[in-house]
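Listed here are the chains, written in short residue letters.
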Amino acid sequence: MAEIENQRYMQEGLDVRRVFLLMKKKLWVAAAAAAIGAFVFGGIYLLVHVVFAPAREFQSVSKLYLNFNCDPEDFNELSYNGYTWNDLMATDPILDYTMEALPEGMDREVVIGATKAEILSDIRLLTITVTASEPEMAAQIMAATQKSLVHLGETDVLFDSIEVYSTKEPRQIVWDNRTVQAAATGAVIGLAAALMALAFCYVLDDSVYIAGDVEKRYGVPVLGIFVDGKEGKEQPYGQEFALNYSYLCREAGKVLLVGLDAEEDAQAAAEMAGACMEIYSSVNCGVYPGGSNSQACDEEPAETVEKEPGGMAIMPGGCLEGDADVYRRIREADGAVIAVRSGGRNGRRLERALGNLEKQDCRVFGAVIADADERFLRWYYMGDYRHPDR
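In this report, the structure presented in the accompanying data block is examined. Predicted model only: the values in this text are computed from it and were never measured. (Residues numbered from 1 in each chain as written. Predicted model: local features only at pLDDT ≥ 70, side-chain atom pairs only at ≥ 80, totals over all residues. Heavy atoms only, no water.)

**Overview of the overall build of the chain**
The condition is simple: Elements are defined by DSSP. Helices are runs of H or I of four residues or more, strands are runs of E of two residues or more, and each kind is numbered from the N terminus. The buried label goes to any residue with under 20% of its type's maximum accessible area, the exposed label to any with over 50%, and the partly exposed label to all in between, with areas taken from a 1.4 Å probe on protein chains only. Here, residues are in contact when the closest pair of their heavy atoms is within 4.5 Å. Surface accessibility follows the Shrake-Rupley procedure with a 1.4 Å probe radius. Residue values consider only the protein chains on display as shielding.
Within the chain, the regular secondary structure consists of 14 helices and 11 strands. For the chain, the proportion of its 390 residues judged to be buried stands at 42%. Across the chain, the fraction of contacts at a sequence separation of at least 24, relative to all contacts at a separation of at least 6, is 78%. Carbon and sulfur atoms make up 54% of the accessible area of the chain, which totals about 21700 Å².

Next up, the structure:
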């Protein structure tokens, strides 16, 4: 049975319009998630880069030209190439001369960590970058490093000379503010997470909203839909119910309208069904809508409302949940119509109720959807199916 039910759900397909209309009501959740994501990611970025940011640093950059003592075609064979300069700056021949030019007490490791040497394009153009916590320190290390490299050009046979082309004074490293990008990333992640959560909730939602939800899933015809807050002729689908009920229950004398979710649903739906039958049905219907003039389901219709041949009587029959006597009353009648509350997350309960009704030999003519959202139905059916008289 479970396998058959799963196959039924798989074959039901995706109703894009239904998905859109149900999701539309919860778009605020996606918007809120996007706003929260932007706030959280932007806030974290600001905390990391402003509140807990490391101490400010200053940077000086210098360009030096290397005049090699060889032909250009031999440059690639040199030991001084783009991959080794950064390591060479920490070797004794260069670093010792650099330390001699610096004030006494300067730590060698600080100098090594502050200095970066690299070949960016031309192997003859060396870029030196010095980063320090104070501009004076950055300037001192840069001057000592330049002096050391010029001395290297004078003493190493591989060079004719090393010349300083340009030097930029130490400047504070400007923080690259990417708060907007971080907030945008957070918004996208929050939106995606919310949409995935909404999609997951949609898949789990077994509520009934339209006639197809009942008819495709459970094979039970829907006689009509009663929208919330409408009475009598104001019911936009009242004539539809009257026509379907008159035909599907044409051979029935006494039909009970039972509630799936609550007894009040059966009472209200029976009153609405009676009003619609009185307004639209061309046959003589004995109606027992409940209230002060209603009769108990076990009682026979009074003579004042006794149906004529060909007529039909519909009355509230209680709730399928918690009413042990409801099955007996349905068997004693000619059958039942189930009132299913719209959007009540009650699909599994309806499945169970239909199974119990079958086991109890209770005839089910169909179902009605109660407390439906008229705006949702209008958008779904793309029209206003009202009676021409209104």
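**Considering the pairing of strand E2 (residues 115–119)**
Let me state the cut-off plainly: At least two DSSP bridges between two strands are needed for those strands to be called paired.
Where burial is concerned, the two faces of E2 differ: the one with Thr115, Ala117 and Ile119 is buried and the one with Lys116 and Glu118 is not. Relative to strand E3 (residues 125–132), E2 runs antiparallel, the two sharing five bridges. Paired with Lys116 across the strands is Thr129, a residue of E3. Linkage of E2 to E3, two consecutive antiparallel strands, is achieved through a turn of five residues.

**Things to note about the environment of Arg349**
Tracing the backbone through its elements, the reader meets Arg349 in helix H13 (residues 347–359). Of the residues examined, Arg349 reaches a relative accessible area of 29% and is grouped as partly exposed. Separated by 88 residues in the primary sequence, Arg349 and Asp261 have C-alpha atoms spaced 8.4 Å apart. If sequence neighbours within four positions are ignored, Arg349 has contacts with Leu260, Asp261, Glu321 and Gly344.

**Some points on the pairing of strand E7 (residues 254–259)**
Here E7 lies mainly inside the structure; six of its six residues are buried. Covered by surrounding structure in E7 are Lys254, Leu256 and Val258 together with Val255, Leu257 and Gly259, the residues of both alternating faces. Two strands pair when backbone bridges link them, and E7 and strand E10 (residues 335–341) are joined in this way by five bridges, in the parallel orientation. Directly across from Leu257, in E10, lies its bridge partner Val337.

**Comments concerning the packing of helix H5 (residues 92–100) against helix H7 (residues 135–155)**
Stated formally: The angle between two axes is taken between their N-to-C directions and runs from 0 to 180 degrees, where each axis is a line fitted to C-alpha atoms and a helix contributes only its stretch in contact. Note on terminology: angles under 35 degrees are roughly parallel, angles over 145 are roughly antiparallel, angles of 65 to 115 are roughly perpendicular, and the others are oblique. Note on convention: near helix rotated counterclockwise from far helix by under a right angle means a left-handed crossing. Clockwise means right-handed. Basically, the charged four are Asp, Glu, Lys and Arg, the nonpolar ten are Ala, Val, Leu, Ile, Met, Phe, Trp, Tyr, Cys and Pro, and anything else, Gly included, counts as polar.
Running from N to C, H5 and H7 point in directions that differ by 130°, and their axes come no closer than 8 Å. Comparing the axis directions of H5 and H7 gives the class oblique. Along this stretch, H5 crosses H7, giving a crossing that reads as right-handed. Seen from H5, the contacting residues are Ile94, Tyr97 and Thr98; seen from H7, they are Ala144, Thr145, Lys147, Ser148, Leu149, His151 and Leu152. Here the contact of H5 with H7 is built from residues that sort into five nonpolar, four polar and one charged.

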